[in-house]
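Read off the chains here:
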Amino acid sequence: MNSRRKFLHNTLLGGIALSAADLIRGSREILEKSDKSASPVVIATWGPNTKATAAAWDIISKGGRALDAVEAGARVPEADPEDTSVGYGGFPDRDGNVTLDACIMDELGQAGCVSFLQNIMHPISVARRVMEKTPHVLLTGEGAYRFARAEGFPHENLLTEVARKAWEDWKVRSEYKPVINVERHDTIGIVAVDQHNNISGACSTSGAAFKMHGRVGDSPIIGAGMFVDNEVGGAACTGLGEMVLRTLGSFLVVEEMRRGASPQKAAEAAIKRLVRKYPEQSKVAQVGFVAVDKKGRHGAYAIHKGFNYAIYQNNVNQVFESDYLLKKPD
Ligand code: SD4
């Protein structure tokens, strides 16, 4: 590892913040280097998901399958009560129910999804079972729950005391509006390319906090919250799901790469499309994409400042600040 790399590695893993400019510079270095260094690679939305990229790397660095890697990665925030956007500990809907969305897709183009799933801690693993054990792609609500129970997943209370308290506080004003990067962590979207140069992706979330009961976002929808194509690459996203659902954002990123764009340019194209289509909503809502191609190159882009992502490549687990479109004058 050269000295700058070592510095980034040690500093980031030590939890000391670098300036955004430093991080973006670092990201560019990786982009250039990764032209030469192909797979394996793991990329995930949001900095705290270095724990998820580490779990995924543990599998692919030993020659394991990208599908196993992304499932293992998504299970990390799903089980973390301190992550209030995914799985256990996720903020509930406006009636106090934690309802979960997830999807998974493999190198063969197979996919499995669950939406509006309650009382099951690992929706990503249920999504995988939908893919592998049913003739369907998406199970929702009560049906998804019953399938999960039949597959042996335990019934669990996912509402932590912290989340319940946040919901009680929210009820005082009951105001539903998007908040940009409120905690700098959110939905996990994770994409991996393994040593066999196969790609898979996963996405898991408790959705928008205090959403209407029954609301489903982009995260369990193939092509919206996540999409991979073994001929091209993959993408995943975080942010206001309604904007992504209307544009099939992750599919768009992959299609841009299919047409020859780098992962960075592809992510930028998708964000520009969103902002062009929904200029007013874009002022108050955040969306961020991560993308990786089969050469192991990566990119990321967001509407607003504040999106970051984790990437594990060349034995280094790092966090980078994403560049963004709507820059305010200094
Ligand atoms: C959703 N994209 O349900 C997800 C979660 C998220 O801000 O990222 N919320 O819309």
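Trainee: Which residues make up the nonpolar core, and what values go with them?
Mentor: Nonpolar side chains in soluble globular proteins tend to end up buried together. Counting 48 residues, the largest nonpolar core has V253, I271, V287 and F289 as the members making the most contacts within it. If one sorts the elements of this core by residue count, helix 10 (residues 263-277) sits on top with six residues. Setting aside chain neighbours within four positions, we find I271 in contact with V287, F289, Y301, A302, I303 and L325. Among the nonpolar cores identified, the runner-up in size contains 33 residues, and L67, V114, M131 and A144 belong to it.

Trainee: Describe the packing of helix 3 (residues 50-60) against helix 4 (residues 66-78), with residues and values.
Mentor: Contact geometry of helix 3 with helix 4 gives a least axis separation of 7 Å together with a crossing angle of 155°. One element, helix 3, and the other, helix 4, form an angle in the roughly antiparallel class. You can see that helix 3 and helix 4 cross each other, and the crossing is right-handed. Taken together, the residues of helix 4 that come into contact with helix 3 (itself represented by K51, A52, A55, A56, I59 and I60) are A66, D68, A69, A72, G73, V76 and P77. Here the residues of the contact of helix 3 with helix 4 sort into 10 nonpolar, one polar and two charged.

Trainee: Describe the pairing of strand 10 (residues 298-302), with residues and values.
Mentor: Taking burial as the measure, the five residues of strand 10 include five buried ones, the bulk of the element. Of the two faces of strand 10, both are covered, the one formed by H298, A300 and A302 as well as the one formed by G299 and Y301. Pairing of strand 9 (residues 287-293) with strand 10, which is carried by five bridges, proceeds in the antiparallel orientation. What sits directly across from G288, in strand 10, is A302. What sits between the antiparallel neighbours strand 9 and strand 10 is a turn of four residues, in which G296 has the positive phi angle 85°.

Trainee: Can you break down the sheet that holds strand 6 (residues 199-205) residue by residue, with the values?
Mentor: Spatial ordering of the open sheet is given by 4-3-2-6-5-1-11-12, a layout of eight strands whose pairing is mixed. Where the open sheet ends on each side, the last strands, each with one partner, are strand 4 (138-140) and strand 12 (316-321). On average, each strand axis in the sheet is tilted by 10° relative to the strand beside it, whichever way the strands run. Pairing geometry for strand 1 (residues 41-45) and strand 5 (residues 188-193), over four bridges, is antiparallel. Pairing of V41 across the sheet is with V193, part of strand 5. Set on the sheet, helix 5 (residues 123-133) makes contact with strand 2 (99-105), strand 3 (111-118), strand 4 and strand 6; between it and strand 3 the angle comes to about 135°.

Quick notes on the rules
Position numbers for residues count from 1 along each chain, tracking the sequence in the order it is written. Side-chain atom pairs in this predicted model are given and counted only at pLDDT of 80 or more, local residue features only at pLDDT of at least 70, and totals for whole chains, interfaces and linings cover all residues. Note that the side-chain values use all heavy atoms of the structure and ignore hydrogens as well as water. Among buried residues, the Ala, Val, Leu, Ile, Met, Phe, Trp, Tyr and Cys ones that are joined through side-chain atoms within 4.5 Å form a nonpolar core. Partly exposed describes any residue whose relative accessible area lies between the buried limit of under 20% and the exposed limit of over 50%, with all areas from a 1.4 Å probe on protein chains only and scaled to the type maximum. Comment: elements are numbered from the N terminus, with helices defined as DSSP H or I runs of at least four residues and strands as E runs of at least two. Residues are treated as being in contact if the distance between any of their heavy atoms lies within 4.5 Å. With axes taken as lines fitted to C-alpha atoms, and helix axes fitted only over the stretch in contact, angles between N-to-C directions fall between 0 and 180 degrees. Angle categories are assigned with fixed cut-offs, so that under 35 degrees is roughly parallel, over 145 is roughly antiparallel, 65 to 115 is roughly perpendicular, and the rest are oblique. Two helices crossing with the near one rotated counterclockwise from the far one by less than a right angle form a left-handed crossing, whereas a clockwise rotation gives a right-handed crossing. The nonpolar class holds Ala, Val, Leu, Ile, Met, Phe, Trp, Tyr, Cys and Pro. Asp, Glu, Lys and Arg form the charged class, and all remaining residues, Gly among them, are polar. Pairing between strands requires that DSSP locate at least two bridges from one strand to the other.

That is the geometry; function is a separate question.
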